[in-house]
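Breakdown of the fold
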Amino acid sequence: GAGVSQSPSNKVTEKGKDVELRCDPISGHTALYWYRQSLGQGLEFLIYFQGNSAPDKSGLPSDRFSAERTGGSVSTLTIQRTQQEDSAVYLCASSRSGTSGSYEQYFGPGTRLTVT
Amino acid sequence: KQEVTQIPAALSVPEGENLVLNCSFTDSAIYNLQWFRQDPGKGLTSLLLIQSSQREQTSGRLNASLDKSSGRSTLYIAASQPGDSATYLCAVSDNAGNMLTFGGGTRLMVKP
């Protein structure tokens, strides 16, 4: 079946603009995760959804970052007033469940964000 | 706070060699450990998932072991091939929500 998909694959934006990144998880996966991969910081967790609710937002770096998930499926990560330090690859993953920590995570190809 | 370390950061071997990649983590109270492969400019491909109650998992030429008490995992690659060249990442889940903490990765180059 189809894997995790993300769009756009690349996004170049000017400093101060808002951007939206989209993630389509594997069908039937109730848990969805956003991570960020940057040269200086490696791969870091941003936010986790179980269904439509976000039990853990602890990784969001500032209040300019927000995310939502609708219908237990598609998720959107929004970055407001982008800064150059937001430049990174944003990766989305999904798994069958986010409870009990037992399930394999499957990653999408990522969105490369460049803030100029 | 969980910290994951991978050694070496980079490794170059001739084709055909068997090799071992190392991963260590500071908090042994984990739910699972997952090994991933990342090709340049691509997302992560899951290789193996080891539950905390397991000691090892095997898939083809790959074997991953887990020693939870000592906070270590190894990924063994048998008979390496140039197509194995990639960055290998290990990640642990130490929470019920299954959020992963990643190591910095080992960049592997297998030369023909």
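First, a word on scope: everything that follows refers to the structure included in this document. All of these numbers come straight from a predicted model, not from anything done at the bench.

To continue, consider the overall build of chain B. Assigned secondary structure in chain B consists of zero helices and eleven strands. Scored against the burial criterion, the 112 residues of chain B give a buried share of 47%. For chain B, the share of sequence-separated contacts (at least 6 apart) that also reach a separation of at least 24 residues comes to 54%. For chain B, the accessible area works out to roughly 5200 Å², and carbon and sulfur atoms hold 49% of it. Side chains of chain B carry 9 positive and 9 negative charges; the gap between the two charge centres is 4 Å.

Moving on to the nonpolar core. Membership of the largest hydrophobic core comes to 23 residues, with the highest contact counts inside it found for F25, L33, W35, L75, I77, Y88 and L108 of chain B. Setting aside anything within four residues of it in sequence, one finds Y88 of chain B in contact with Q6, L21, F36, R37, L47, L75, I77, G105, T106 and L108 of chain B. In terms of nonpolar packing, the next biggest core, distinct from the first, is built from 19 residues, V19, I26, L32 and L46 of chain A among them.

Here we come to the layout of surface pockets. Which parts of space are left empty comes out when a probe the size of a water molecule is rolled across the atoms. When its volume is computed, the largest pocket comes out at roughly 850 Å³. If you go around the largest pocket, you meet 36 residues; those closest to its centre are Q37 and L39 of chain A together with Q38, G41 and T87 of chain B. Elements represented by at least two residues in the lining of the largest pocket include exactly β4 (31-38), β5 (42-50), β9 (88-95) and β11 (111-115) of chain A together with β2 (10-14), β9 (86-93) and β11 (106-111) of chain B. Of the residues assigned to the lining of the largest pocket, the class counts are 14 nonpolar, 18 polar and four charged. If you add up the space inside the second largest pocket, you get close to 440 Å³. What lines the second largest pocket is a set of 16 residues, and nearest its centre among them are F45 of chain A together with K1, Q2, L100 and T101 of chain B. Along the lines of polarity and charge, the residues of the lining of the second largest pocket split into five nonpolar, six polar and five charged.

Under the defined criterion, the tally for this structure stands at eight aromatic pairs over all chains. For the ring pair F107 of chain A and F36 of chain B, a centre distance of 5.3 Å and an interplane angle of 85° mean the geometry is edge-to-face. With F107 of chain A in strand β10 (residues 106-107) and F36 of chain B in strand β4 (residues 32-38), this residue pair bridges two chains. Residue classification places F107 of chain A among the buried positions, given a relative accessible area of 10%. On the basis of relative accessibility, which here comes to 0%, the residue F36 of chain B falls in the buried class. On the basis of an interplanar angle of 40° and a centroid distance of 5.7 Å, the ring pair of F36 of chain B and F102 of chain B is categorised as tilted. Residue F36 of chain B is found in strand β4, and its partner F102 of chain B is found in strand β10 (residues 100-102); the two are separated by 66 residues along the sequence. Residues F36 of chain B and F102 of chain B agree in their burial class; the two are buried. Grouped by ring-pair contacts, the aromatic residues Y33, Y35, F45, Y48 and F107 of chain A together with F36 and F102 of chain B constitute a single cluster.

Here the focus is the side chain of Q6 of chain B. Residues and elements named next belong to chain B. Along the polypeptide, Q6 turns up in strand β1 (residues 4-7). Within the local environment of Q6, its side chain forms a polar contact with the backbone oxygen of Y88, the two atoms lying 3.0 Å apart. A polar side-chain atom of Q6 sits 3.0 Å from the main-chain amide nitrogen of G105. Filtering out sequence-adjacent residues up to four positions away, Q6 remains in contact with N22, C23, W35, Y88, L89, C90, G103, G104, G105 and T106.

Thresholds applied
Residues numbered from 1 in each chain as written. Chains lettered and ligands numbered in written order. Predicted model: local features only at pLDDT ≥ 70, side-chain atom pairs only at ≥ 80, totals over all residues. Heavy atoms only, no water. Helix = DSSP H or I, 4+ residues; strand = E, 2+ residues; numbered from the N terminus. Buried < 20%, exposed > 50% of the residue type's maximum accessible area, 1.4 Å probe, protein only. Contact = heavy atoms within 4.5 Å. Areas by Shrake-Rupley, 256 points an atom, 1.4 Å probe, with all protein chains shown as cover. Lys, Arg positive; Asp, Glu negative; His and termini not counted. Charge placed at Lys NZ, Arg CZ, Asp CG, Glu CD. Core = buried A, V, L, I, M, F, W, Y, C linked by side-chain atoms within 4.5 Å. 1 Å grid on protein atoms, 1.4 Å probe; cavity = no way out; pocket = protein on both sides within 12 Å on 5 of 7 lines; lining within 4 Å. Points joined across faces, edges and corners; volume = space filled by probe spheres on them. Nonpolar A, V, L, I, M, F, W, Y, C, P; charged D, E, K, R; others polar. Phe/Tyr/Trp six-rings, centres within 6.5 Å; stacked < 30°, edge-to-face > 60°. Polar contact = N/O pair within 3.5 Å; in protein donor to acceptor, adjacent residues only side chain to side chain.

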